[in-house]
Amino acid sequence: MPELVSTPKVKVESLEDFLLKEQDKLIPLMRDMEKEANLNYDKHAPLPKELVFKGGDRKTIRNHFLRALRLNTGTPLGYFLQNLPGYPLPGKKSNPMTVSIYGEKDLKQDYEFYDIRIGELVSPIEVLATAGDEPDFGLDLNLFEDNGESFGKDYGFGIQSFGDSRIYYATQVPFHIGYYHESPIIFAAAGFLTRTYPQYRVHQFMTLSRYAFQTGHTYWGYRFLGWGMHYVVDLTQPYHSRVLPNFGTISMLWINLKAIFGFENAKNEAIDRIANRHTTIEKYHFSTLRNAYRNKVLTHPFIQSVKQTDLDNNYGKYDNSYIVNVVSKQSYDISDRIDTLIDESNLLKGFSEDKLLPEINQKSLEDLNSTITDHMKSVGSHIRNYVRTGMK
């Protein structure tokens, strides 16, 4: 995006400074933002009146702001930038506890972050790209009333609708997944699948980003924009947009019916199946990209395809329905093929610890790579269409 790359550097600003300077206007802005969300995205869980943003002083305003957004108030929200693999940034490496609630447990030495200082001038694209990871580092953890945190009992999201409880970060799942295109019969039988919140999050952070840009707080404009971008990109992942790829409606209903009557083996097997494929395809994609950057192979198809802009205008204008009607529909439609190619390539057994093993089926892996490459063209377009709208 030339319009992003050519943008001047921005000055790092503390969250407290932004909130204190703008609180008088943020109070009505955030009130109206929640009214719109209640009408369009969040009918199941409107913001409780006692959480409405009312400002505060330097000691309290961050907590009031995070509670008004219904985010985890323990999220570090430090000041840092993430580097591309093999391209270290100047400065001191960040303490993982300033990046993620779970520190190194979360980052697993897969990522490197570098401290930045309040008042320092930094690249907008680095702020945006770094912020695109942040919602995975704590913002949406433990927000339901059965997740063990006091704020979860206040937030009004109720009992967690779904998620694999064996995974420590599973409490964020309903905020990062959007099942919008399943059969109406499935939704009628399993209404909990409709209680998802990525649209809500994008709406919140896009609203705050635009306001920050309009009022001259460009660092927070890009950081909020990056937070919202995370949810847009999450829905490009087929397993974030489809409950059970390659399962028909009757099969899904039968699994759910047996679980209702206490026979949960089929349900647990389905959860295991999807969890393994979900994490394996992400690890494979991640390690492929990481190795390409480390080895300076910037011609890798995964990298080149996401940079192609020729499809950007094919999807229409980005608006509040874009991530449902365009992004998640596209990943829903490709989910069966991705799932099939994971099987045919034997990826679950043929890929481990970032290495391809003899068990891999090379021909089917090439088909999988080709499918991912083609999908990443549209992923790049969706990211750019979202970012352009925010920057306006």
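What you are looking at is a predicted structure, and each value in this text was computed from that prediction instead of being measured.

**Student:** Quick question: what am I supposed to make of the environment of Q362 here?
**Tutor:** Inspection of the secondary structure puts Q362 in helix α17 (residues 362–391). The class for Q362 is partly exposed, based on a relative accessible area of 45%.

**Student:** Honestly, the packing of aromatic side chains in this entry has me stumped. Any pointers?
**Tutor:** Aromatic ring pairs are defined here through the distance separating the ring centres and the angle between the ring planes. Following the criterion strictly, the structure yields 26 aromatic pairs and no others. A connected cluster of aromatic rings, assembled from ring pairs, spans F18, F53, F65, F205, Y219, W220, F224, W227 and Y231. A cation over a ring is seen here: K105 above Y102, with NZ or CZ 5.3 Å from the ring centre. Across from the ring centre of Y87, 4.6 Å away, lies the NZ or CZ of K296, which sits over that ring.

**Student:** Teacher, can you tell me more about the pattern of salt bridges here?
**Tutor:** Should their charged atoms come close, side chains of opposite charge can pair. Overall, the coordinates contain 19 salt bridges when judged by the stated rule. Residue R67 pairs with D154 through a salt bridge whose shortest N-O separation is 3.2 Å. With R67 in helix α3 (residues 61–69) and D154 in helix α6 (residues 150–154), this residue pair connects regions lying 87 residues apart in the sequence. Given the relative accessible area of 22%, R67 is considered partly exposed.

**Student:** Could you clarify how one ought to interpret the packing of helix α10 (residues 218–234) against α17 in this entry?
**Tutor:** Two numbers describe a pair of packed helices, the interaxial angle and the distance between the axes. For the pair α10 and α17, interaxial distance at closest approach is 10 Å and the crossing angle is 150 degrees. The pairing of α10 with α17 is recorded here as roughly antiparallel in orientation. Seen from above, α10 lies across α17 with right-handed handedness. Taken together, the residues of α17 that come into contact with α10 (itself represented by Y222, F224, L225, G228, M229, V232 and V233) are H382, I383, Y386, V387, G390 and M391.

**Student:** Can you help me understand the domain arrangement of the protein in this one?
**Tutor:** Put simply, an interface is often sized by how much accessible area is lost when its parts join up. Under the domain assignment, the protein is made up of domain 1 (2–235) and domain 2 (269–378). Each of domain 1 and domain 2 was reduced to a C-alpha centroid, and the two centroids are 25 Å apart. Each side of the interface is counted separately: domain 1 has 21 residues, and domain 2 has 20 residues. Of the roughly 1800 Å² buried at the junction of domain 1 and domain 2 (both faces included), carbon and sulfur atoms supply 62%. Between D110 and R290 there is a salt bridge, with the nearest N and O atoms lying 3.0 Å from each other. Our enumeration of links across domain 1 and domain 2 arrives at eight residue pairs in polar contact (both at pLDDT 80 or more). If one sorts the elements of the side of domain 1 that touches domain 2 by residue count, helix α9 (residues 198–214) sits on top with four residues.

**Student:** Would you mind showing me how to read the side chain of T130 here?
**Tutor:** Mapped onto the fold, T130 is located in helix α5 (residues 124–131). On the accessibility criterion, T130 (3% relative accessible area) is buried. A polar contact is formed between the side chain of T130 and the backbone oxygen of E126, at a distance of 2.7 Å. When sequence neighbours within four positions are dropped, the list of residues in contact with T130 reads F80, L81, Q82 and F113.

**Student:** Got a minute to help me understand the side chain of T236 in this structure?
**Tutor:** Take T236: it is sitting in the loop between α10 and α11 (238–241). What makes T236 buried here is its relative accessible area of 9%. In contact with T236, other than residues within four places in its own chain, are V327, S331, H375, V379 and H382.

**Student:** How should I be thinking about α9 in this particular structure?
**Tutor:** Think of an α-helix as turning once every 3.6 residues; residues three or four places apart then point the same way. With 17 residues, α9 should cover 24 Å at 1.5 Å per step; its first-to-last C-alpha distance of 24 Å lies within 8% of that length. Counting buried positions over the 17 residues of α9 gives 15, a clear majority of the element.

**Student:** Is there a simple way to think about the environment of H285 in this case?
**Tutor:** Mapping H285 onto the fold places it in helix α13 (residues 265–294). A residue is classified by how much of its surface remains accessible, and H285, at 18% relative accessible area, is buried.

**Student:** How should the packing of α9 against α17 be read in this particular structure?
**Tutor:** One way to put it is that α9 packs onto α17 with a least axis distance of 9 Å and a crossing angle of 45 degrees. Taken as axis vectors, α9 and α17 run oblique relative to one another. Of α17, the residues touching α9 (which contributes V202, M206, R210 and F213) are Y386, T389, G390 and M391. Among the residues forming the contact of α9 with α17, the class breakdown is five nonpolar, two polar and one charged.

**Student:** Explain unusual backbone geometry here, please?
**Tutor:** Excluding glycine, residues mostly carry a negative phi; peptide bonds, for their part, are mostly trans. Phi is positive for N246, which is not a glycine, with a value near 70 degrees. Tracing the backbone shows N246 in the loop between α11 and α12 (249–260). On the basis of relative accessibility, which here comes to 39%, the residue N246 falls in the partly exposed class. Despite not being glycine, E353 shows a phi value in the positive range, around 50 degrees. Mapped onto the elements, E353 comes out in the loop between β5 (351–352) and β6 (355–356). Residue class for E353 comes out exposed when judged on its relative accessible area of 69%.

**Student:** Sorry if this is basic, but what is going on with helix α15 (residues 322–344) here?
**Tutor:** With 23 residues, α15 should cover 33 Å at 1.5 Å per step; its first-to-last C-alpha distance of 32 Å lies within 8% of that length. I334 marks where α15 bends most, by close to 40 degrees. Within two residues after α15, N346 carries a phi angle of roughly 60 degrees, on the positive side.

Analysis parameters
- Residues numbered from 1 in each chain as written.
- Predicted model: local features only at pLDDT ≥ 70, side-chain atom pairs only at ≥ 80, totals over all residues.
- Heavy atoms only, no water.
- Helix = DSSP H or I, 4+ residues; strand = E, 2+ residues; numbered from the N terminus.
- Buried < 20%, exposed > 50% of the residue type's maximum accessible area, 1.4 Å probe, protein only.
- Phe/Tyr/Trp six-rings, centres within 6.5 Å; stacked < 30°, edge-to-face > 60°.
- Lys NZ or Arg CZ within 6 Å of the ring centre and 35° of its normal.
- Salt bridge = Lys/Arg side-chain N within 4 Å of Asp/Glu carboxyl O.
- Axes fitted to C-alpha atoms, helices over the stretch in contact; angles between N-to-C directions.
- Parallel < 35°, antiparallel > 145°, perpendicular 65-115°, else oblique.
- Left-handed = near helix turned anticlockwise from the far one by under 90°.
- Contact = heavy atoms within 4.5 Å.
- Domains from an automatic or database assignment.
- Buried area = accessible area lost by both parts, 1.4 Å probe.
- Polar contact = N/O pair within 3.5 Å; in protein donor to acceptor, adjacent residues only side chain to side chain.
- Expected span 1.5 Å × (residues − 1).
- Nonpolar A, V, L, I, M, F, W, Y, C, P; charged D, E, K, R; others polar.
- Bend = angle between axes of the 7 residues up to and from the residue.

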